[in-house]
Amino acid sequence: MTAVPQAQGDPVCDALPHAARGGPVSHALSRVARLHRIAAGKLLKDLGLYPGQEFLMMQLWGAGPVRQSELIKAVDLDPSTVTKMLQRLEQTGHVRRRPDPDDRRAVVVEATERSCALLADMSAAWTELEQHTLAGLDENERRELARLLGKVEASLCTETAGCPDLKC
């Protein structure tokens, strides 16, 4: 294992845990992702949602009724996690699950009429999160960050042998 050179007097490098000095960008991404999830969680809590449920709802609003198995593939989460999320969303009246008329073994999931109000509130919360997240960046920096993150995502998809069918 080779040592990674550290910039002398660089406060970012000096603040890194020793084990993370070989991956300062990965360390920063992990910290940013964690803080972003916390900020999103606070906004979602005000809507009565748990983190991750917004992605299920976004998928359902965009795709319409879909088999639960397809929803699980689309969000690339553990089936038991998705089932628990759907149970909670069903209890709050935001989704409905029913047997697939073409295959009684399968379950179809759909957003309810009640979830339409949630859509507007979630869109507003997502906009607020974006503004808060990017508050220190000008428009050019925001575009560049999005471009660079897209490249990082593509690299990670290649490295992990594929990505779920993520839709922008």
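## Looking at the overall build of the protein
Summing up its helical and strand segments, the protein has seven helices and three strands in all. Taken from N to C terminus, the helices and strands of the protein fall in the order α-α-α-β-α-α-β-β-α-α. Across the 168 residues of the protein, 24% fall into the buried class. A sequence separation of at least 24 residues applies to 49% of the contacts in the protein between residues at least 6 apart. For the protein, the exposed surface amounts to about 11800 Å²; the carbon and sulfur share of it is 56%.

## So, a nonpolar patch on the surface
Judged by side-chain polarity, V25, L29, L145, L149, V152 and L156 come together as a nonpolar surface patch covering roughly 480 Å² of accessible area. Mapped by element, the contributors of at least two residues to the nonpolar patch are α2 (24-46) and α7 (139-159). When residues in the nonpolar patch are grouped by element, the largest group, four residues, is from α7. Structurally, L149 is set in helix α7. Taking the relative accessible area as the measure of exposure, L149 reaches 39% and is therefore partly exposed.

## Let's talk about the packing of helix α3 (residues 53-63) against helix α6 (residues 115-133)
Interaxial distance between α3 and α6 falls to 11 Å at its minimum, and their mutual angle equals 120°. As judged from the angle between their axes, α3 and α6 are oblique. Note on packing geometry: the crossing formed by α3 with α6 is left-handed. Across the interface between the two elements, E54, F55, M57, M58 and W61 of α3 pack against S115, L118, L119, M122 and W126 of α6.

Procedures and definitions
Residues numbered from 1 in each chain as written. Predicted model: local features only at pLDDT ≥ 70, side-chain atom pairs only at ≥ 80, totals over all residues. Heavy atoms only, no water. Helix = DSSP H or I, 4+ residues; strand = E, 2+ residues; numbered from the N terminus. Buried < 20%, exposed > 50% of the residue type's maximum accessible area, 1.4 Å probe, protein only. Contact = heavy atoms within 4.5 Å. Areas by Shrake-Rupley, 256 points an atom, 1.4 Å probe, with all protein chains shown as cover. Patch = residues over 30% accessible without salt bridge, like charges linked within 9 Å, V, L, I, M, F, W, Y side chains within 5 Å. Salt bridge = Lys/Arg side-chain N within 4 Å of Asp/Glu carboxyl O. Axes fitted to C-alpha atoms, helices over the stretch in contact; angles between N-to-C directions. Parallel < 35°, antiparallel > 145°, perpendicular 65-115°, else oblique. Left-handed = near helix turned anticlockwise from the far one by under 90°.

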